[in-house]
Amino acid sequence: MKLLLLNGPNLNFLGIREKGVYGTEDYGYLVRMMKEKAEREGHELDIYQSNYEGGLIDKIQEAYYNGTEGIIINPGAFTHYSYALRDALSSVEIPKVEVHISNVHKREEFRHTSVTAPVCDGQVLGLGLKGYALAMDYLTGRQL
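Rules behind the numbers
- Residues numbered from 1 in each chain as written.
- Predicted model: local features only at pLDDT ≥ 70, side-chain atom pairs only at ≥ 80, totals over all residues.
- Heavy atoms only, no water.
- Pairing = 2+ DSSP bridges.
- Helix = DSSP H or I, 4+ residues; strand = E, 2+ residues; numbered from the N terminus.
- Axes fitted to C-alpha atoms, helices over the stretch in contact; angles between N-to-C directions.
- Contact = heavy atoms within 4.5 Å.
- Buried < 20%, exposed > 50% of the residue type's maximum accessible area, 1.4 Å probe, protein only.
- Arc of directions from axis to C-beta.
- Parallel < 35°, antiparallel > 145°, perpendicular 65-115°, else oblique.
- Nonpolar A, V, L, I, M, F, W, Y, C, P; charged D, E, K, R; others polar.
- Core = buried A, V, L, I, M, F, W, Y, C linked by side-chain atoms within 4.5 Å.
- Salt bridge = Lys/Arg side-chain N within 4 Å of Asp/Glu carboxyl O.
- Expected span 1.5 Å × (residues − 1).
- Phe/Tyr/Trp six-rings, centres within 6.5 Å; stacked < 30°, edge-to-face > 60°.

For the rest of this paragraph, the subject is the sheet that holds strand 3 (residues 70–74). If you trace the five strands from one edge of the open sheet to the other, you get 2-1-3-4-5, paired in parallel fashion. What marks the edges here is a single partner per strand, and that holds for strand 2 (44–49) and strand 5 (122–125). Mean inter-strand twist for the sheet, computed between neighbouring axes without regard to direction, equals 20°. Against the sheet, helix 3 (residues 53–65) makes contact with strand 1 (2–7), strand 2 and strand 3, and its axis sits at roughly 170° relative to strand 1, the strand it touches most.

This is how it looks when you write it as structure tokens:
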């Protein structure tokens, strides 16, 4: 299965920022973990991180044309206000799962609303980096 993993702003700073919230593993660890999982299970995985909205939107639009069969996305702060990202996600009929490392409902009030979740098939939050693996399992139909 061909999958796309998108990470939004500041996720490249995993292991650096707010370790009590996001953990001590760095972004390289997340990339290795997901690539190894995909390879083990026979999937093709493209991973992209951007601190810019347009970069994420471009990758979603590319996914429409290149045969991508599932999208895992952690929009970061764009989750709460990016209608442009929401519109890009809603414009492609590709299964999508939104992931958040922390439980956003236990955090600041502004984090409780996701404008992107309603156009995704599901949402995984509060389970750390394991949430990415669970999102992949859902998209690939793997039994949990």
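Having seen it, we continue.
Of all the residues in helix 4 (residues 83–91), the buried ones are L85, A88 and L89. End-on, the buried residues of helix 4 take up no more than an arc of 95°, which puts them together on one face. Buried residues belonging to helix 4 abut helix 3, strand 3 and strand 4 (96–100).

Right, let's talk about the packing of helix 3 against helix 4 for a bit. Running from N to C, helix 3 and helix 4 cross one another at 5°; their axes reach a closest spacing of 9 Å. Classified by the angle their axes make, helix 3 and helix 4 are roughly parallel. Here E53, L56, I57 and I60 of helix 3 lie close against helix 4, whose contacting residues are A84, L85, A88 and L89. Partitioning the contact of helix 3 with helix 4 into residue classes produces seven nonpolar, no polar and one charged.

The next point concerns the nonpolar core. Ranked by size, the top nonpolar core spans 22 residues in total, and within it L14, M34, L45, I72 and Y132 carry the most contacts. When contributions to this core are tallied by element, the ones reaching two or more residues are strand 1, helix 2 (27–41), strand 2, strand 4 and helix 5 (130–140). L4, I71, L89 and C120 belong to the second largest nonpolar core, which has 16 residues in total.

This part covers the side chain of H100. As for its position among the elements, H100 is in strand 4. Overall, H100 belongs to the buried group, its relative accessible area being 5%. Residues in contact with H100, not counting those within four places in the same chain, are N74, P75, G76, T79, Q123, V124, L125, G126 and L127.

Evaluated as defined, the whole model comprises six salt bridges. Between E44 and K2 there is a salt bridge, and its shortest N-O distance comes to 4.0 Å. Placement of the pair is E44 in strand 2 and K2 in strand 1, with a sequence separation of 42 residues. Here D87 and R86 are joined by a salt bridge, their closest N and O atoms 4.0 Å apart. When salt bridges with common partners are traced through the structure, they connect K37, E41 and D137 into a single cluster.

The end-to-end C-alpha separation of helix 3 is 19 Å, in line with the 18 Å expected for 13 residues at 1.5 Å each. When we look at burial in helix 3, the residues that qualify are G55, L56, I57, K59, I60 and A63. Of the residues one or two after helix 3, G67 is the one with positive phi, at around 85°.

The final tally for this structure, using the stated rule, is two aromatic pairs. Judged by centre distance (4.9 Å) and plane angle (90°), the rings of Y64 and Y65 are edge-to-face. Considered together, Y64 and Y65 belong to a single accessibility category, that of exposed residues. Aromatic side chains F78 and Y81 sit 5.9 Å apart centroid to centroid with 75° between the ring planes, which places their arrangement in the edge-to-face category. A residue is classified by how much of its surface remains accessible, and F78, at 6% relative accessible area, is buried.

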